[in-house]
Structures are given as structure tokens and as C-alpha cells.
Amino acid sequence: MKQIDTSGTILNCNLFGEAGDLPDVVHCETIEARSKLHDWEFAPHRHSRLHQILLIDWGGGRAMLEDRAHALDPRTLVNVPAGTVHAFSFTPGTHGWVLTIAEEMLDETLEPSEGLRQALAQPSVFPASKLARPLMEEIFREHAGRDFARAHILRSLTGTLLGRVARSLAGDSLASGKPVDATLFQRFEALLEEHLLDHWSVGDYADALSISPTHLSRVARAAVGRPASGVIEDRMIREARRNLVYTSLQISQVAYLLGFNDPAYFSRFFTQATGMSPRDFRNSINGQDATAPVERPVRQAS
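Rules and cut-offs
- Think of each chain on its own: its residues are numbered from 1, step by step along the sequence as written.
- The model is predicted, so local features are restricted to residues of pLDDT at least 70 and side-chain atom pairs to those at 80 or more, both for listing and for counting; the totals for chains, interfaces and linings are taken over all residues.
- To get the side-chain values, take all heavy atoms of the structure and skip hydrogens and water.
- The helix count covers DSSP runs of H or I at least four residues long, the strand count covers runs of E at least two residues long, and both are numbered beginning at the N terminus.
- Exposure is judged per residue with a 1.4 Å probe applied to protein chains only, and the accessible area is read against the type maximum: over 50% gives exposed, under 20% gives buried, and values in between give partly exposed.
- In this description, contact between two residues means that some pair of their heavy atoms is separated by no more than 4.5 Å.
- For accessible areas, the Shrake-Rupley method is used with a probe of radius 1.4 Å. Any residue's cover is judged against the shown protein chains and nothing else.
- Buried Ala, Val, Leu, Ile, Met, Phe, Trp, Tyr and Cys residues form a nonpolar core when they are joined through side-chain atoms within 4.5 Å.
- In this analysis, strands are considered paired if DSSP registers two or more bridges between them.
- In the sections that follow, a salt bridge refers to a side-chain nitrogen of Lys or Arg positioned within 4 Å of a carboxyl oxygen of Asp or Glu.
- What the arc covers is the set of directions going from the helix axis to the C-beta atoms.
- Values of pLDDT, the confidence the predictor places in each residue, fall between 0 and 100.
- Using only the protein atoms, space was sampled on a 1 Å grid; points where a 1.4 Å probe fits but cannot get out form cavities, open sets with protein on both sides within 12 Å along at least five of seven lines form pockets, and lining residues are those with an atom within 4 Å of a point.
- Grid points are joined across faces, edges and corners, and a volume is the space filled by probe spheres set on the points.
- Any pair of N or O atoms that falls within 3.5 Å is considered a polar contact. Within protein, one atom must be able to donate a hydrogen and the other to accept it, and sequence-neighbouring residues count only if both atoms are side-chain atoms.
- Any two rings among Phe, Tyr and Trp, with Trp reduced to its six-membered ring, count as a pair given centres within 6.5 Å; such a pair is stacked if its planes are under 30 degrees apart, edge-to-face if over 60, and tilted if neither.

Visitor: Looking at this model, I keep getting lost on the overall build of the protein. Mind explaining?
Guide: Summing up its helical and strand segments, the protein has twelve helices and eleven strands in all. Here the protein holds 302 residues, and 49% of them are scored as buried. Taking the contacts inside the protein whose residues are at least 6 apart along the sequence as the reference set, 75% of them involve residues at least 24 apart. Accessible surface computed for the protein: about 14,600 Å², of which carbon and sulfur atoms make up 51%.

Here's what the structure looks like:
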């Protein structure tokens, strides 16, 4: 397996392209479908706003999650939170499933007070329970169909799988003595909802919580795997994308609505975060083929 070159850059990818992760509830793909195209090797990369769960059915290989190597055995689950640097080397012929979930979906599915986000923020490889395979197969069957209530059922099934993964990871967290200050992070999230359009800095939120900016970022990383600045940026980008997709406001109007005094600065901010200008993002949503996902680079990140 190729190792992460810390002196170079890590490719930041989105499985469907930055625009394509919005129209469908989840994305389902077998491990072999994409692996065959890449000689069963995936170099280190990250997905900015996509969470992935892999289930190895038979075969195996090796995974690199951040700086840790893991063996992939049959009947193993792999949890890859958004932003996690990861690489895979699969044994040719490996069979399994990859479920990809957009951050917006996690926002809708996970109740902040229940602490699932904190558990799911841990990159991990662990044995799958007997229920994992039938549950994953049911998600894939529902995804392939177009029956009535498809989206609702997909959300429910995916929520069940996320809950079971979070339960396993929460047990690992408690056993390893890695506490997460869920209450403090929830207070940060509440403040973020209240002051997002005020463009508060990390220092402003830290002051309101009576803690240091360093401690706030430590809590955010423990909760969702991102520093406080990343949490703020992600929330603003989600709000921007929703307005670009679901309203007919001009891009300058979206900028002012989100508290930006300069539409040009908003465009630069959006482009740097997503790899697409607001206009290109909106056009891609209006004209894209949501049934033909492709993996393409968004930007290079140190």
C-alpha cells in the first residue's frame, strides 16, 4: 500500500463530485465495482463532506486511516468519517459494500443530544455484527429500486446502521478512556446556529463558552474530527449550498443573506472550500445526471 507523503499533498475528493452528493439520500457501491478500475489500490485521499461505511464480506486487504494501518478481514466494518485521510489496498476479488453518506444527511439523521456524532467521528476498523450484512444488503436493495417511500426507508435503514456503528465505537471510546465533552460541543453548535450569520471567529465562540480557542478546537476534533474553524466553515458551506440549490436568489443575494459584505469574497470562500464557484455549483445541480456518479478531485490540500 502506498504510504501518505506528509511532505506533499493529499488529494481531496468527493465521490460524486461536489454537486452530486445532494440529490440522493445515500450512494451505494460494491467494493469491486470501483476497485477493478484502480487495480484494487486507492492512494491516500480524503472526502471533505462525505462519511463512508465499508463492509468487507469476503477477501480483505489493508486500510490506512490517518496514520494507522489496519488489516481488513472478512466480516469487518470500516468507519471513515468526513475529512479522514484514508487509503485501501484490497486483495483482488474482494467482495463487500461501500455506503456513502453526505454530511447533510447526517445532520438530518443524528440527534445532537444523543452523542452519535462524537462516536462516528472515530476512524476505525472492527468486527461486523451478524446484523450488519442483512442491513447493508437491504439498504442496497432499497437504493436500487424506485418504490414509494424509498427516501424515507433509506433514511431509516441508514440511521439504524449508523446507530449500530456508533454503539460499537462508543464502547471502544469508553474502553480506551477517550472522553468527549458532548455537552460543551452541543453548546458550541447551539451558538453556531445563533451566530452563523454574524461571522463569529473561533475566539468569539470560545469567549462565549468561557474556554480557550485551543480547547474549543480540541473538543470539536474529539466530537466530529474537525477543528472549530472547520466546523464553522462546514456549517456556512452547507447553508450556502442549500440556498444555491433550493432558492432562485442571485448569487450576490445569497452572499448578502449569509452575512458577506462582498459577493466576490463569498465566491472565493465557496470556491476554496468546495473546488467549484457558486455559479458552477448551481449549474451542475440544474443540469447533472444524478444517476452517473464519478470520482473527481476537488482541490489539493496540505
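Next comes the rest of the write-up.
Visitor: What am I meant to see in the nonpolar core here?
Guide: Burial of nonpolar side chains together is a common tendency in soluble globular proteins. Core analysis: the largest hydrophobic core is formed by 34 residues, its most contacted members being Phe185, Phe188, Leu216 and Phe266. Breaking this core down by element, the ones donating at least two residues are helix H6 (182-195), helix H7 (202-209), helix H8 (213-224), helix H9 (228-246), helix H10 (251-257), helix H11 (263-274) and helix H12 (278-287). For this core, the leading source of residues is H9, giving seven residues. Ignoring anything within four residues of it in the chain, the contact list for Leu216 reads Phe188, Val202, Tyr205, Ala206, Leu209, Ile211 and Ala228. Counting 28 residues, the second-largest nonpolar core is a separate cluster that includes Leu77, Ala119, Ile139 and Leu162.

Visitor: How do you make sense of the pairing of strand E8 (residues 86-90) when you look at a structure like this?
Guide: Counting buried residues along E8, five of its five residues qualify, which places the element largely inside the surrounding structure. Side-chain alternation along E8 places His86, Phe88 and Phe90 on one buried face and Ala87 and Ser89 on a second face that is also buried. Inspection of the sheet shows strand E3 (residues 41-47) paired to E8 by three bridges, in the antiparallel sense. Residue Phe42 lies in a different strand from E8, and its bridge partner there is Phe88. In this sheet, E8 lies alongside strand E5 (residues 61-65) in antiparallel orientation, the contact comprising five bridges.

Visitor: Even after reading the chapter, I still don't get the pattern of salt bridges, so can you show me in this structure?
Guide: Pairing is possible between side chains of opposite charge, provided their charged atoms come close. Here the structure, examined in full by the defined rule, presents nine salt bridges. Each of the salt bridges in this network shares a partner with another, and the network as a whole consists of Asp57, Arg133 and Glu137.

Visitor: What am I meant to see in H7 here?
Guide: If you check which residues of H7 are buried, you get Val202, Tyr205, Ala206 and Leu209. Take H7 and look down its axis: the buried residues cluster within an arc of 100 degrees, on one side only.

Visitor: Before we go on, may I ask you to explain the confidence of the model for the protein in this structure?
Guide: Close inspection of predicted coordinates is inappropriate in any region flagged by low pLDDT. Predicted confidence across the protein gives a mean pLDDT of 83, with 82% of residues reaching 70 or more. Of the regions scoring below 50 in pLDDT, residues 16-21 engages in 25 contacts with residues more than four places distant in sequence or in other chains.

Visitor: Mind showing me how you'd approach the layout of surface pockets here?
Guide: The probe, sized like a water molecule, is rolled over the atoms to show the empty space still left. A volume near 490 Å³ is recorded for the second largest pocket. Asp107, Arg117, Glu189, Val224 and Arg238 are the residues nearest the centre of the second largest pocket, which is lined by 25 residues in total. Secondary-structure elements contributing two or more residues to the lining of the second largest pocket are helix H2 (103-109), helix H3 (116-120), H6, H8 and H9.

Visitor: So what exactly am I meant to see when it comes to unusual backbone geometry here?
Guide: Among all residues except glycine, the phi angle is most often negative; among peptide bonds, the trans geometry is most common. A positive phi angle, near 65 degrees, is found at Trp40, a position not held by glycine. Phi angles above zero are rare outside glycine, and Ser210 is one such case at about 60 degrees. Within the secondary structure layout, Ser210 lies in the loop between H7 and H8.

Visitor: Whenever I open this one, the environment of His47 confuses me. Can you help?
Guide: Locating His47 in the fold gives a position in strand E3. Under the relative-accessibility criterion, His47 is labelled buried at 3%. Spatially, the C-alpha atoms of His47 and Val85 are 8.0 Å apart, while their sequence positions differ by 38 residues. Among the polar contacts made by the side chain of His47, one reaches the side chain of His45 at a distance of 3.5 Å. There is a polar contact of 3.5 Å between the side chain of His47 and the side chain of Gln52.

Visitor: What exactly am I supposed to notice about the side chain of Thr94 here?
Guide: Note on placement: Thr94 falls in the loop between E8 and strand E9 (95-102). Of the residues examined, Thr94 reaches a relative accessible area of 1% and is grouped as buried. Looking at Thr94, its side chain comes within polar contact range of the main-chain nitrogen of Gly60, at 3.0 Å. Among the polar contacts listed, one links the side chain of Thr94 to the backbone oxygen of Thr91, at a separation of 2.6 Å. Not counting chain neighbours up to four residues away, the residues in contact with Thr94 comprise Ile31, Glu32, Trp40, Ile56, Trp58, Gly59 and Gly60.

Visitor: Would you explain the packing of aromatic side chains in this entry?
Guide: The geometry of an aromatic ring pair comes down to the distance between the two centres and the angle between the two planes. Within the structure shown, the criterion is met by ten aromatic pairs. Between Phe185 and Phe188, the aromatic rings sit 6.0 Å apart at their centres with planes inclined by 65 degrees, giving edge-to-face as the arrangement. Placement of the pair is Phe185 and Phe188 together in helix H6, with a separation of three residues, close to one helical turn. Each of the two residues, Phe185 as well as Phe188, counts as buried. Here a set of aromatic residues connected by ring pairs shows up, and it is made of Phe260, Tyr265, Phe266, Phe269, Phe270 and Phe281.

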